[in-house]
Amino acid sequence: MRHLCIILFFPAALLLGQGNANGAPGRAKDAQLISATDWFRRADDLTNIRLPGSAPFHMKVAFRGFPALELNPLERPSSAPLSSAVTGHPFVISGEGVYEETWLSPEKWRREVTLGSYHAVEVRADGVRKFQGTSDYEPLRILMLLGPLLSPVSRYLLEPELKSHPEKWKLEHLMAGSMPYVRASSSQVFGQEDLTRNLSSYDFLPTGILVRAVGLNMVTTWSDDVLWSGRVVARSIVVSAMGHSLLEANVKIEAADSALPGFTLAGPAADPGTTLRPLVGYEVKNQWDAIRPGSFVFPPELGVPEGSGVSLHLTFDRRGTPREMEIIDAIPTPVRIEDTPPYLRAAAKAALAAVQHQRVRPATVDGAPCEYVGGWMAVEGPSSAAISGRR
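Predicted model, so just to flag it, every value in this text is computed and none were measured. (Residues numbered from 1 in each chain as written. Predicted model: local features only at pLDDT ≥ 70, side-chain atom pairs only at ≥ 80, totals over all residues. Heavy atoms only, no water.)

### Structural notes on the overall build of the protein
Worth spelling out the cut-off: Strands are runs of DSSP state E lasting at least 2 residues, helices are runs of H or I lasting at least 4, and numbering of each runs from the N terminus. Buried means the residue's accessible area, taken with a 1.4 Å probe over protein chains only, is under 20% of the maximum for its type, while exposed means over 50%, and partly exposed covers the values in between. We call two residues in contact whenever any of their non-hydrogen atoms come within 4.5 Å of each other. Per-residue accessibility takes into account occlusion by the displayed protein chains alone, with areas from the Shrake-Rupley method and a 1.4 Å probe.
The secondary structure content of the protein amounts to four helices and 21 strands. In the protein, which comprises 391 residues, the share counted as buried stands at 55%. Considering only contacts within the protein whose residues lie at least 6 apart along the sequence, 69% involve residues at least 24 apart. Carbon together with sulfur atoms contributes 52% to the accessible area of the protein, which is approximately 16500 Å² in total.

### What to know about helix 2 (residues 140-150)
Of all eleven residues making up helix 2, eleven are buried, and the element is well covered by its neighbours. All of the buried residues along helix 2 are L140, R141, I142, L143, M144, L145, L146, G147, P148, L149 and L150.

### Re the pattern of salt bridges
The following threshold applies: By definition, a salt bridge exists where a carboxyl oxygen of Asp or Glu is found within 4 Å of a side-chain nitrogen of Lys or Arg.
Per the stated rule, a full pass over the model turns up 19 salt bridges. Connected through shared salt-bridge partners, D136, D317, R319 and R323 make up one network.

### Overview of helix 1 (residues 36-47)
The following threshold applies: What a helix is expected to span follows from its residue count: subtract one and scale by 1.5 Å.
The terminal C-alpha atoms of helix 1 lie 17 Å apart, and with twelve residues this matches the ideal 16 Å at 1.5 Å per residue to within 8%. Along helix 1, the positions that sit buried rather than exposed are A36, T37, W39, F40, A43, D44, L46 and T47.

### Remarks on the environment of S229
Along the chain, S229 turns up in the loop between strand 12 (218-228) and strand 13 (231-241). Along the backbone, S229 and F57 are 172 residues apart, and their C-alpha atoms lie at a distance of 9.5 Å.

### Notes on the packing of aromatic side chains
Cut-off, in case you're wondering: The aromatic pairing rule takes the rings of Phe, Tyr and Trp, using the six-membered ring of Trp, and pairs them if the centres are within 6.5 Å, calling planes under 30 degrees apart stacked, those over 60 edge-to-face and the rest tilted.
Applying the stated criterion across every chain yields a total of seven aromatic pairs. Relative to Y202, the ring of W169 lies with its centre 5.8 Å away and its plane at 45°, an arrangement referred to as tilted. In this pair, W169 sits in strand 7 (residues 167-176) while Y202 sits in strand 10 (residues 200-204), placing the two residues 33 residues apart along the sequence. On the basis of relative accessible area, W169 is assigned to the partly exposed category, the value being 28%. Take Y202: its relative accessible area is 2%, and that puts it in the buried class. For the ring pair F316 and Y372, a centre distance of 6.1 Å and an interplane angle of 45° mean the geometry is tilted. Separated by 56 residues along the polypeptide, F316 in strand 16 (residues 309-316) and Y372 in strand 20 (residues 372-380) bring together distant segments of the chain. Its relative accessible area of 4% is what places Y372 among the buried residues. Every member of this aromatic cluster is reached through a ring pair, and the members are W39, F40, W169, Y202 and F204.

### Concerning the environment of T134
Where we set the bar: Polar contact is the term for a pair of N or O atoms within 3.5 Å; when the atoms are in protein, one must be able to donate a hydrogen and the other to accept it, and sequence-neighboring residues count only if both atoms are side-chain atoms.
Tracing the sequence through the fold places T134 in the loop between strand 6 (128-133) and helix 2. For T134, the side chain forms a polar contact with the main-chain nitrogen of H119, separated by 3.0 Å.

### Details of the sheet that holds strand 15 (residues 284-285)
Threshold: Strand pairing is assigned whenever DSSP identifies at least 2 bridges connecting the two strands.
The strand order across the open sheet formed by three strands is 15-18-19, and the pairing between neighbours is antiparallel. Looking at which strands have only one partner, the edges of the open sheet turn out to be strand 15 and strand 19 (368-370). Sheet analysis places strand 18 (residues 363-365) next to strand 19, joined by three bridges and oriented antiparallel. Within strand 19, the position partnered with V365 by the bridge is A368.

### Description of the nonpolar core
Stated precisely, the cut-off is as follows: Among buried residues, those of type Ala, Val, Leu, Ile, Met, Phe, Trp, Tyr and Cys that are joined through side-chain atoms within 4.5 Å constitute a nonpolar core.
One finds F63, Y99 and L312 to be the most contacted residues of the largest nonpolar core, which totals 70 residues. Ranked by the residues each element gives to this core, the list is headed by helix 4 (residues 342-356), at seven residues. The contact partners of L312, leaving out residues within four places of it in the chain, are E326, I327, I328, A351, L352, V355, G374, G375 and W376.

### Remarks on the layout of surface pockets
For the record, the criterion: A 1.4 Å probe that fits into a set of points on a 1 Å grid over the protein atoms alone but cannot get out defines a cavity; an open set with protein on both sides within 12 Å along at least five of seven lines defines a pocket, and lining residues are those with an atom within 4 Å of a point. Grid points are joined across faces, edges and corners, and a volume is the space filled by probe spheres set on the points. Lys, Arg, Asp and Glu make up the charged group, whereas Ala, Val, Leu, Ile, Met, Phe, Trp, Tyr, Cys and Pro make up the nonpolar group; the residues left over, Gly among them, are polar.
Space inside the largest pocket adds up to approximately 1200 Å³. R50, R111, L150, S151 and R277 are the residues nearest the centre of the largest pocket, which is lined by 47 residues in total. Breaking the lining of the largest pocket down by element, the ones donating at least two residues are helix 1, strand 4 (108-115), strand 5 (118-125), helix 2, helix 3 (155-158), strand 12 and strand 13. Across the lining of the largest pocket, the residue classes tally to 26 nonpolar, eight polar and 13 charged.

### Comments concerning the environment of A43
Position of A43 among the secondary structure elements: in helix 1. When the C-alpha atoms of A43 and I209 are compared, they prove to be 5.0 Å apart, with 166 residues separating the residues in sequence. Not counting chain neighbours up to four residues away, the residues in contact with A43 comprise V153, F204, G208 and L210.

### Section: the pairing of strand 13
Extensive coverage of strand 13 is indicated by the burial of eight of its eleven residues. One ladder, built from nine bridges, connects strand 12 with strand 13; its direction is antiparallel. Counted as the bridge partner of W222 is I237 from strand 13. Once strand 12 ends, the chain turns through two residues before running back antiparallel as strand 13, passing S229 with a positive phi of about 55°.

Right under this line is the structure:
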């Protein structure tokens, strides 16, 4: 029997992007930035607008979530967990959305997001955090926005000792035309073996600003930067895969009036697993149960050659049910999606169908059920598996 090499990977930060701010802090001295962690900490210093003592702000983000790539099948089996169709594609909620945030301090803020029929509000005030949402998971396109918007530099990148599996980082000083930049790329160690594909890479301007990152086979870029309270804020965010946009967002930021209403929300305090904040892998328990690698093989009649396969981006809700999912890469990657070989399209359909029927124990954070988001790479080859987690 033929088997698959199945890899689950869940980077702690979704993606990071590009900026070129006028008036940004001066060029960093490379001698002070000798490790990947040094560069991440420098980037956080330049972009974190939510530190104690930062200027209060009101942010409004108009975004568009695009349907799944054309590589994804357009039909959904009748036994799939979603009982009704969603806008744009049967696997992914898409369309126009709005995110608003009023931030006065780390202890007083309000966040609200809407995409299609999904709506959520999260408020922290008077020492209590409350949350109201219309479902028990956040759509993938919203998480594509919130990851880089709320935590462009994840805590695990700033404090690598928090990772249960070590990452090996390589720093390279490169050129894009006449512009120098620095790239930090990683591979993750599982037991005694290294993953053969890099998990992620992050590009920095010489100033230390993050300019681009790749993870989960997706690319996010920032552009049209402005300075806010001495730090860099990107006014444009784009997330793409295989050269096609999945999310585009335009960010506006202005001073917030401390007398603004809206910091009260009915109901009890929210549990740790109910939040718009992107969770980090070391916080989440039971994530190993999300996919059982030995439970799926490509049917032989599909004719998938060894070394070929697909990568999925997916989310399990707080009950352990798979909700939104999509193919974001094919191996080998076609030059044009429309030229994808029939066996890869068949592999994509088979992989999605397999994931749809999974039912797992919910992931938890501090004992409370939480949404579980990440990537799954299914490749035809010898039987083996490696797993790590994000949310």
